[in-house]
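# Structure at a glance
Chain by chain, the residues run as shown.
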Amino acid sequence: MPDVLPLSRRNALRLAGIVCALAVAAAVWIAAGIVGRTAALDDVRMQAAASMPLAASVLRSEIAKQRTVPLVLAGDPDIHVALSAPTPARLAVVDRRLAALAATTGASVLYLLDRTGLTVAASNFSEPTSFVGSDYRFRRYFTGAIAEGAAEQYALGTVSRRPGLYLSQRVDADGTALGVVVLKVELADVESDWHTSGNLVFASDDRGIVLATSRDALRYRTLHPIDGMLAAGIRESLQFGGAPLTPMPLGPDRDGLTTLGENGGAPRYLALDQPLGDPRLPWRLHLLAPADAAMAMGMASARRQALALAAVALTIGIYLVRRRRRALARQRNLRRAADELERRVLERTGELREANGQLKAAIAARGITERRLDELRIDLEQANRLATLGQITAGVAHEINQPLAAIRTYAENADRFLARGDTPTARQNLASVVGLTTRIGAITETLRGFARRGHGEMETIVVADALDGAEMVLRGLLDGAGVVLVRDPALATLRVHGERIRLEQVLVNLLRNAVEASTDRPLPRIAISAERHGEDILFHVADNGTGIAPEALRTLFTPFSTTKARGLGLGLVIAKDILSEWGGDLSAESRPNEGATFTLRLKAAP
Ligand code: ADP
């Protein structure tokens with residue numbers, strides 16, 4: 001996957017995310033609404049189910065309480081007397097009793113009818129709306145009581161125009177009806193109790209007509225349409241005055257609820273109904289619990305909770321996504337840094353390898369140069385020796401000529417002695433010849449050795465031997481120049497570390513220079529002395545020649561510095577080089593016109 005998505009693709013992803021989130025939010029909104037409404041309805045149903053028995057018992061107990069009053073009055077002797085032998089005084093007694101009783105029992109009116117249905121006494125006898133004198137023979141509670149002993153009827157008062165439940169009881173004497181006691185209870189307290197419960201409660205009779213109700217407007221409305229004939233009969237009986245007996249605008253709702261109202265926005269109720277449970281009243285009790293507010297509240301609260309939960313989930317989701325994104329970015333950065341590091345290491349390694357290669361090449365080149373230098377130096381040393389030999393050839397010839405001339409003389413003399421027969425002397429001369437040839441052999445052997453290259457291995461050198469060799473090589477030169485060579489006796493026992501042939505070469509170089517510097521001096525003389533200095537031995541080669549000028553002294557050991565017409569200026573350089581190789585040194589000091597002294601420092605050998 002590429003690190004960075006193209007902008008359009010990222011935008012598309014973001015848009016898809018937003019659409020998804022909105023879809024989820026909508027789904028959550030709808031689902032939470034359904035859940036919230038169902039839960040709210042369950043609550044409403046539970047509360048309604050709990051309220052219903054309460055509402056029923058309030059009505060039942062009120063009726064039951066009032067029902068005893070006419071029953072008791074029907075057996076009362078005063079009532080009997082007032083009905084069987086009515087006098088104004090007796091009826092006035094009954095009036096007062098009825099008024100007192102009505103006040104204590106809560107009945108709205110208590111009254112007494114004679115057997116024709118005419119009111120003879122009433123609790124409201126003193127009021128303008130007094131029932132006394134009113135004829136109620138058309139009322140079913142009268143006819144029912146006369147016929148069956150007791151009757152009950154809900155109706156609108158013809159005088160008071162107030163509705164109420166009429167409870168009637170026949171008054172009998174010796175098997176004949178004397179009249180009827182009637183109690184009217186208005187049920188206003190019951191209705192107000194129902195009203196305060198917050199529910200819509202009403203009772204309907206067996207024809208479906210609403211009687212007692214917590215909402216006055218519903219009174220005398222019907223649960224369903226009523227047959228026209230029946231309605232006309234009811235109106236004629238004046239039971240409900242002129243009430244039109246129109247059906248209530250009840251309608252079923254898709255949630256199992258009931259609407260109450262004419263238009264579409266009618267409030268909805270959860271409707272329950274049950275028989276009142278009074279054996280003498282075939283009423284049904286209806287309870288309509290308002291559902292709209294509860295459902296709206298339930299839905300809103302469930303939606304709030306769901307949205308809060310969704311918001312928390314979304315926040316956690318966003319946090320997790322961001323965290324993962326950050327972790328991925330961190331990983332990418334780390335990988336990038338690691339790659340960069342690796343790249344740099346590789347680059348640096350490459351540079352180092354290259355530098356190493358260059359170094360190796362330089363070392364190899366240097367090795368070659370050094371080897372070449374060594375070879376050159378060896379060649380130079382050899383050239384120096386051969387050149388020295390060349391220069392001292394005359395001296396050598398002289399050195400050899402002398403014994404050769406002596407041999408010649410000895411041989412001639414031997415010949416003469418033999419001729420004379422002096423054999424012993426001749427033999428003596430011949431022995432001398434042998435001795436001289438030995439000497440010549442020694443000279444040529446020394447020269448050959450000097451011409452040879454060194455074998456490169458350190459050895460212990462008896463300094464006197466090396467000096468002998470050098471002196472022999474230079475004998476002719478020394479003699480030719482008339483130079484006196486003085487050797488310190490201490491030299492005889494000294495031994496040093498080095499190579500015999502190369503030490504001879506050093507000494508030959510130094511002595512030859514000394515001879516050449518002192519040739520034209522009076523009484524030329526070279527003195528060789530030695531002293532011990534710790535682990536070292538110092539040799540001094542001092543002459544009384546021309547000496548060395550101070551400026552020449554400074555460049556004495558640099559190559560090609562020479563004052564001689566045919567000189568190379570390499571002798572001292574080579575000598576110093578050889579001694580340095582052995583861990584020693586060569587130095588010079590000079591008093592101009594008094595001579596020069598060269599000092600060799602060498603490692604002493606045991
Ligand atoms: P070359 O003998 O070929 O010149 P050297 O290196 O042997 O080369 O000597 C360098 C120079 O040092 C000589 O030319 C000479 O001038 C000077 N020199 C060396 N030894 C002596 C000495 N004993 N007395 C005076 N000068 C000397």
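For the structure itself, consult the block above.
Right, let's walk through the structure included here. (Residues numbered from 1 in each chain as written. Predicted model: local features only at pLDDT ≥ 70, side-chain atom pairs only at ≥ 80, totals over all residues. Heavy atoms only, no water.)

### Some words on the sheet that holds strand 3 (residues 150–156)
Pairing is antiparallel in the open sheet, where 5 strands are placed in the order 2-1-5-4-3. Looking along the sheet, the strands with just one partner apiece sit at the ends: strand 2 (119–122) and strand 3. In this sheet, adjacent strand axes meet at a mean angle of 25° when their direction is disregarded. Pairing of strand 3 with strand 4 (residues 163–173), which is carried by 7 bridges, proceeds in the antiparallel orientation. What sits directly across from Ala155, in strand 4, is Gly164. Helix-sheet contacts for helix 4 (residues 140–148) involve strand 1 (109–114), strand 3, strand 4 and strand 5 (176–185), and the interaxial angle to strand 3 is about 175°. (Pairing = 2+ DSSP bridges. Helix = DSSP H or I, 4+ residues; strand = E, 2+ residues; numbered from the N terminus. Axes fitted to C-alpha atoms, helices over the stretch in contact; angles between N-to-C directions. Contact = heavy atoms within 4.5 Å.)

### Describing the site of the ligand
Residues in contact with the ligand amount to 20 residues; listed here are only the nearest, Asn513, Asp543, Thr562, Thr563 and Lys564. Note that an oxygen atom of the ligand is positioned 3.0 Å from one of the backbone N or O atoms of Leu572. Taking 530 Å² as the accessible area of the ligand by itself, protein coverage stands at 92%. Every element with two or more residues in the shell around the ligand is listed here: helix 10 (500–518), helix 12 (571–581) and strand 18 (595–603). (Near = heavy atom within 4 Å. Polar contact = N/O pair within 3.5 Å; in protein donor to acceptor, adjacent residues only side chain to side chain. Areas by Shrake-Rupley, 256 points an atom, 1.4 Å probe, with all protein chains shown as cover.)

### Some remarks on helix 2 (residues 77–84)
Buried residues of helix 2: Ile79, His80, Ala82 and Leu83, and no others. Two to three positions downstream of the cap, the backbone nitrogen of Asp78 sits 2.9 Å from a side-chain oxygen, assigning the N-cap of helix 2 to Asp76. (Buried < 20%, exposed > 50% of the residue type's maximum accessible area, 1.4 Å probe, protein only.)

### A short note on helix 10
For helix 10, with 19 residues, the first-to-last C-alpha span of 27 Å sits near the 27 Å given by 1.5 Å per residue. Of all 19 residues that make up helix 10, 15 are buried, and the element is covered over most of its length. (Expected span 1.5 Å × (residues − 1).)

### Details of the sheet that holds strand 8 (residues 250–252)
Spatially, 6 strands are ordered 7-6-11-10-9-8 in an open sheet, and the strand pairing comes out antiparallel. Sheet topology places strand 7 (210–213) and strand 8 at the edges, where each strand pairs with a single neighbour. The average angle at which neighbouring strand axes cross in this sheet is 35°, direction not considered. By the bridge criterion, 2 bridges tie strand 6 (residues 200–204) to strand 7 in an arrangement that is antiparallel. When the bridges of strand 7 are listed, Ser204 appears paired with Val210. Along the sheet face, helix 5 (residues 188–196) touches strand 6, strand 7 and strand 11 (284–290) and points at about 75° away from the line of strand 7.

### Re the pattern of salt bridges
Within the structure shown, the criterion is met by 40 salt bridges. With its nearest N and O atoms 2.7 Å apart, the salt bridge here joins Arg343 to Glu340. Taken together, the positions of Arg343 and Glu340, both in helix 7 (residues 292–419) and 3 residues apart, correspond to about one turn of that helix. Taking relative accessible area as the criterion, Arg343 reaches 42% and is therefore assigned partly exposed. Classification of Glu340 as partly exposed rests on a relative accessible area of 29%. Among the salt bridges present, the one from Glu516 reaches Lys564, with a minimum N-O distance of 2.7 Å. Taken together, the positions of Glu516 in helix 10 and Lys564 in the loop between helix 11 (550–554) and helix 12 put the pair 48 residues apart, joining distant regions of the chain. Here Glu516 falls in the partly exposed class, since its relative accessible area comes to 34%. For Lys564, a relative accessible area of 35% gives the class partly exposed. A network of salt bridges, in which partner residues are shared, links Asp374, Arg377, Glu381, Glu499, Arg502, Asp577 and Glu581. (Salt bridge = Lys/Arg side-chain N within 4 Å of Asp/Glu carboxyl O.)

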